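Residue-level structure breakdown
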Amino acid sequence: METVAVIGASPNQDRYANKAIRLLVDHGHTVIPVAPRYETIEGRKVYPSLAQISGKIDTVTLYVGPARQDGIIQEIIQTAPRRVIFNPDTENPTAYDKLKAAGIEVIEACTLVLLKTNQY
């Protein structure tokens, strides 16, 4: 199983980021919520940024729109996960070349759909 950072995590169970956290856990993944405003989400410690996480991140699943991604993309490159999933409404073609140049796979998809269809 993977260690997955969920950027844009939310305690609101109606939000897709929260649904992703719960479904990733249900599938046996280690989930690390990333959001600057919360201390815990779904019983897990929340980190304000990727830079504050120690240890290897396999996948980053993104729930932050392109207008707020500049610093996040740089943190992703420094963290060097295997891949980044750009969920609906987070697509950012400008960032894709930077990530790919750093050896990071870029996927435009919905984490929930990937998990539910065994394509994760």
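Before reading further, recall that the structure is shown in the block above.
Residues numbered from 1 in each chain as written. Predicted model: local features only at pLDDT ≥ 70, side-chain atom pairs only at ≥ 80, totals over all residues. Heavy atoms only, no water.

As for helix H1 (residues 16-26)
Within H1, burial applies to Ala17, Asn18, Ala20, Ile21, Leu23 and Leu24. Where H1 is buried, its residues meet strand S1 (3-7), strand S2 (30-34), strand S3 (40-41), strand S5 (59-62) and helix H4 (111-116). A positive backbone phi angle near 90 degrees is found at Gly28, which sits one or two residues after H1. (Buried < 20%, exposed > 50% of the residue type's maximum accessible area, 1.4 Å probe, protein only. Helix = DSSP H or I, 4+ residues; strand = E, 2+ residues; numbered from the N terminus. Contact = heavy atoms within 4.5 Å.)

Describing the packing of aromatic side chains
Taken as a whole, this structure holds one aromatic pair when the rule is applied. Between Phe86 and Tyr96, the ring centres sit 4.9 Å apart and the planes meet at 65 degrees, which makes this aromatic pair edge-to-face. One end of the pair, Phe86, is in strand S6 (residues 83-86); the other, Tyr96, is in helix H3 (residues 93-101), and 10 residues separate them in sequence. Considered together, Phe86 and Tyr96 belong to a single accessibility category, that of buried residues. Lying over the aromatic face of Tyr120, Arg83 brings its terminal NZ or CZ to 4.3 Å of the ring centre. (Phe/Tyr/Trp six-rings, centres within 6.5 Å; stacked < 30°, edge-to-face > 60°. Lys NZ or Arg CZ within 6 Å of the ring centre and 35° of its normal.)

Notes on the pairing of S5
What you see with S5 is no split at all: Thr59 and Thr61 on one side and Val60 and Leu62 on the other are buried throughout. Looking at chain direction, S1 and S5 are connected through four bridges and run parallel. By the bridge assignment, Ala5 is partnered in S5 with Val60. The parallel pair S5 and S6, bridged by helix H2 (residues 70-79), forms a crossover whose chirality is right-handed. (Pairing = 2+ DSSP bridges. Right-handed = clockwise from strand over helix to strand, strands pointing away.)

A word on the packing of H2 against H3
It is the contact of H2 with H3, at a shortest axis distance of 10 Å, that shows an interaxial angle of 15 degrees. Looking at the two axes, H2 sits roughly parallel to H3. Here H2 and H3 pass one another in a crossing that is right-handed. Taken together, the residues of H3 that come into contact with H2 (itself represented by Ile73, Gln74, Ile76 and Ile77) are Ala95, Lys98 and Leu99. (Axes fitted to C-alpha atoms, helices over the stretch in contact; angles between N-to-C directions. Parallel < 35°, antiparallel > 145°, perpendicular 65-115°, else oblique. Left-handed = near helix turned anticlockwise from the far one by under 90°.)

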